[in-house]
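Survey of secondary and tertiary structure
Each chain, written out:
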Amino acid sequence: MPNHNPLLPGHRLAGMQLGVIGLGRMGRIVVDRVLADGHSVVAFDLDADAVEAAAAAGATPADSIEDLVSALPERKRIWLMVPAGDAVDATLEELDPLLDAEDVVVDGGNSHFERSIDRGETLSANYLDCGTSGGPAGAELGFSLMVGGPREAYEDLAPVFDAVATGASGHDRMGPQGSGHYVKMVHNGVEYALMQAYGEGFELLSAGRYDLDMESIARTWNNGAVIRSWLLELCEEAFREEGSDLGDVDDHVAGGSTGTWTVREALEQEVSIPLIYEALGERFDSRVEDGKFSRRLANRLRYGFGRHEIKRRE
């Protein structure tokens, strides 16, 4: 994989040491992929069992954020994979007095881009907002990473981004602070619309003129059709595991924060995004009405790409 760091032409920097805070599904994938690429990791989580599991995989365990920072070299590189919102702020507040202007912090969660701008302006270290897409499948394939923040900090972390992403082509610097999470926000809005489109198509097929095998249709479309995609592969998986009628999968689609942010930004910029708006509305409507096949498929697709809980009928 090519190296992005101009200070090291022609080869990749080996043996980088990364601190990882937050060892849930996505955080563990970061740990495992960085270790597999030959770097070292110091790992911390509030859950001691998660720290122990990361240590068993080869990471150096830390008992606290302060312990993690002290275990890192003079120039510290830290990846946060904690829930967006207060958890990020609390972690940064604890980190800030322990860091300086040579250090780099990556926020890999789904933070709102305006909060990322604020954090970048107040944190002592370089702050990179990193939109992360790929879900649990990233354990094997790698993530797509959309990074915002100082170019020098991004280039310094390039070997780690190469390891966590699908490779050098799976990440890039989008622009200044906030731009990484901004691009990820819009990505999620597009995801909503795509899920809605697949859901509506399969709803028509389900209610239409013929008794059809939905898994067969999804598989056939995925082999050469214009609309083939990973989401369509997940439709095939859903029908294979749940049946053509989706069994007891409920008409309840969770989530919605990033889609709401996308619609608000579109209103702010006076840009028309009717498909994303309608898809967000359908998601909210699923919580008060029942029975739409398209939303039941969207519910199951969220499990496919993110291993989110499947709401099921009683």
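Predicted model only: the values in this text are computed from it and were never measured.

Conventions and cut-offs
- Residues numbered from 1 in each chain as written.
- Predicted model: local features only at pLDDT ≥ 70, side-chain atom pairs only at ≥ 80, totals over all residues.
- Heavy atoms only, no water.
- Axes fitted to C-alpha atoms, helices over the stretch in contact; angles between N-to-C directions.
- Helix = DSSP H or I, 4+ residues; strand = E, 2+ residues; numbered from the N terminus.
- Parallel < 35°, antiparallel > 145°, perpendicular 65-115°, else oblique.
- Contact = heavy atoms within 4.5 Å.
- Nonpolar A, V, L, I, M, F, W, Y, C, P; charged D, E, K, R; others polar.
- Salt bridge = Lys/Arg side-chain N within 4 Å of Asp/Glu carboxyl O.
- Buried < 20%, exposed > 50% of the residue type's maximum accessible area, 1.4 Å probe, protein only.
- Left-handed = near helix turned anticlockwise from the far one by under 90°.

Below, the discussion takes up the packing of helix α11 (residues 230–242) against helix α14 (residues 293–306). Contact geometry for α11 and α14: axes closest at 9 Å, N-to-C directions at 105°. One way to sum up the angle between α11 and α14 is to call them roughly perpendicular. Between α11 and α14, the residues in contact are W230, L231, L234, C235, E237, A238, F239, E241 and E242 and F293, L297, R300, L301, G304 and F305, respectively. Looking at side-chain class alone, the contact of α11 with α14 contains ten nonpolar, one polar and four charged residues.

Before going further, it helps to spend a moment on the pattern of salt bridges. By the definition in use, this model includes 13 salt bridges. Between E242 and R300 there is a salt bridge whose closest N-O contact spans 2.9 Å. Within this pair, whereas E242 is found in helix α11, its partner R300 is found in helix α14, the two being separated by 58 residues in sequence. By relative accessible area, which is 16% here, E242 ends up buried. D248 is the salt-bridge partner of R312, the closest N and O atoms lying 2.5 Å from each other. Taken together, the residues span a long stretch of sequence, with R312 in the segment after α14 and D248 in the loop between α11 and α12 (257–269) at a distance of 64 residues. Owing to a relative accessible area of 33%, R312 belongs among the partly exposed residues under this scheme. Connected via shared salt-bridge partners are E237, E241, E242, D248, R300 and R312.

Let us now look at the packing of helix α9 (residues 179–207) against α11. Remark: α9 packs on α11, axes separated minimally by 11 Å, with the N-to-C direction vectors making an angle of 45°. Taken together, the axes of α9 and α11 lie oblique to each other. The chirality of how α9 crosses α11 is right-handed. Between α9 and α11, the residues in contact are L194, M195, Y198 and F202 and L231, L232, C235 and F239, respectively.

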